[in-house]
Every structure is written in C-alpha cells, then in structure tokens.
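# Understanding the architecture of this molecule
Here are the chains, one letter per residue:
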Amino acid sequence: MNNENMTVEQESRTQQKPKASPRVVRPNVDIFEDKSGITVLADLPGVSKEALDIQIDNEILSIDGRVEIPLPEGVSEEYGGFRTSHYQRSFTLSQELDGSKVEAKLKDGILSMHIPKREEFQPRKIEIRVE
Amino acid sequence: MKGKIPSQQEEESGQIQRERFSGDFHRIVNLPDDIDAEKVVATYQNGVIHIIARRRESSKPRQITIQ
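Before going into details, it helps to say that this report is about the structure given with it. (Residues numbered from 1 in each chain as written. Chains lettered and ligands numbered in written order. Predicted model: local features only at pLDDT ≥ 70, side-chain atom pairs only at ≥ 80, totals over all residues.)

All right, on to the overall build of chain A then. For chain A, the count of helices and strands is zero helices and nine strands. Going residue by residue from the N terminus, the α and β elements of chain A occur as β-β-β-β-β-β-β-β-β. Counting the 131 residues in chain A, one finds 25% classified as buried. Of the contacts made within chain A by residues no fewer than 6 positions apart, 58% connect residues no fewer than 24 positions apart. (Helix = DSSP H or I, 4+ residues; strand = E, 2+ residues; numbered from the N terminus. Buried ≥ 20, exposed ≤ 12 C-beta atoms within 10 Å, placed from the backbone. Contact = placed C-beta atoms within 7 Å.)

Next comes the structure, spelled out in structure tokens:
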C-alpha cells in the first residue's frame, strides 16, 4: 500500500465506547483493496439476512447483526461457546470511496461488502492519439 | 467435527486488515454415554452448525406404575 491514508478505514471510536452490553461483540474482519475499491469480509455466524442491518451515514458504515439460534424448548446452554447475541462494528470511509454504491452479500455467516472508489479515483487509461 | 475455511484473498488485491481465521479447524465435543448415535441430526445455517443428539429412549426417566 503506497498511500495508506488515501485508502480506507479508521474505525470510528464513537460507536464502540465501553460495552453497553457484554453480549455485543465486534466481528472479525478482513479488508482488501484493489484498483476498483475495497472489499470487507466480516464473520457473522448465526446472523441471517433479515437480522442484519447495514447503514451508511455521513461516511460512517455500520454493521449491526443479531444472532438468532433457536434452541429447543427446555434446553439450556450447557457449554456456552456461542453466547454472543449481537455483532456491531463501524468504519469511517475515506473520501475517495463511494458509500452510495456499496454492495453487500451474506453467505454462510460471512458478510462480504464491496465499496467502490469514486469514479474520479478509479484508474483510467489515457488514450494516445497518433497525429 | 472438521472443516476448512478457505482464504478469500483475491489476486492483485492488497490486504489492509486480516483478523478472520482461515484454514483447517477441528473440534471434538464429548457426549454423554446415553446418546443414541443413530439419531444425531445436524443442520447448517448462516455459518452455524446445529447438532442435536438425543438420549436413548431406554435411558430416559420414566414413570413406574404401582400395581
């Protein structure tokens, strides 16, 4: 990455102040950059499409997902490896990213988002005319 | 339980952040003796595997009628 601040992501601290509830966790993410923009992958196991909310407000992209794991009636958690009930995380998009064109997919509990660079930041080929 | 999480980095892309696990995973959960191995049901949804293992009928508590 030759120009880091040109690219992405400083996480906004505002939304992550000392946990309001111990059951809210930050999902792990991978972030990649290519010529066209950035791709964010987030682990959200147990979150269905209906229970996932992604919003962009003032260049802040927030992910909010509820875990819904149906337990049969009368069954209690014996081995609580999966007690999270809420995933939350937010990112500040840099100027060059176009927040209005975010594409999001959810598959097998993994959220994949592509955020393109604004057109003026996309690489362009300049045609050379022969005269 | 065994599985693999493929690494999803695309070619020609720079990695900015990497927190997600990728690779093989393996986990063993010990079950009580009275589980009916024939009747274990597993479903997979939204990245969560849900395995239901029931006790054998013969080991369930039952009422004894007094004659």
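When helices and strands are counted, chain B shows zero helices and five strands. Its helices and strands taken in sequence order, chain B reads β-β-β-β-β from the N to the C terminus. Against the compact-globule benchmark of 11 Å for 67 residues, chain B has a radius of gyration of 21 Å, which places it well outside the compact range. Counting only C-alpha atoms and orienting by the principal axes, one finds that chain B spans roughly 80 × 20 × 20 Å. Looking at the 67 residues of chain B, the share that counts as buried comes to 1%. (Rg over C-alpha atoms; globule rule 2.2 N^0.38 Å.)

Turning next to the nonpolar core. The biggest cluster of nonpolar side chains holds 18 residues, and the ones touching the most others in it are I38, V40, A42, L44 and L111 of chain A. In this view, V40 of chain A contacts V29, I31 and M113 of chain A; residues no more than four positions away in its chain are not counted. (Core = buried A, V, L, I, M, F, W, Y, C linked by C-beta atoms within 7 Å.)

What follows is about the sheet that holds strand β9 (residues 110-116) of chain A. The sheet built from five strands is open, its strands ordered β8(A)-β9(A)-β4(A)-β3(A)-β2(B) with antiparallel pairing. Sheet topology places β8 (103-107) of chain A together with β2 (14-18) of chain B at the edges, where each strand pairs with a single neighbour. Strand-to-strand twist in this sheet, taken as the mean axis angle between neighbours without regard to direction, amounts to 15°. (Pairing = 2+ DSSP bridges. Axes fitted to C-alpha atoms, helices over the stretch in contact; angles between N-to-C directions.)

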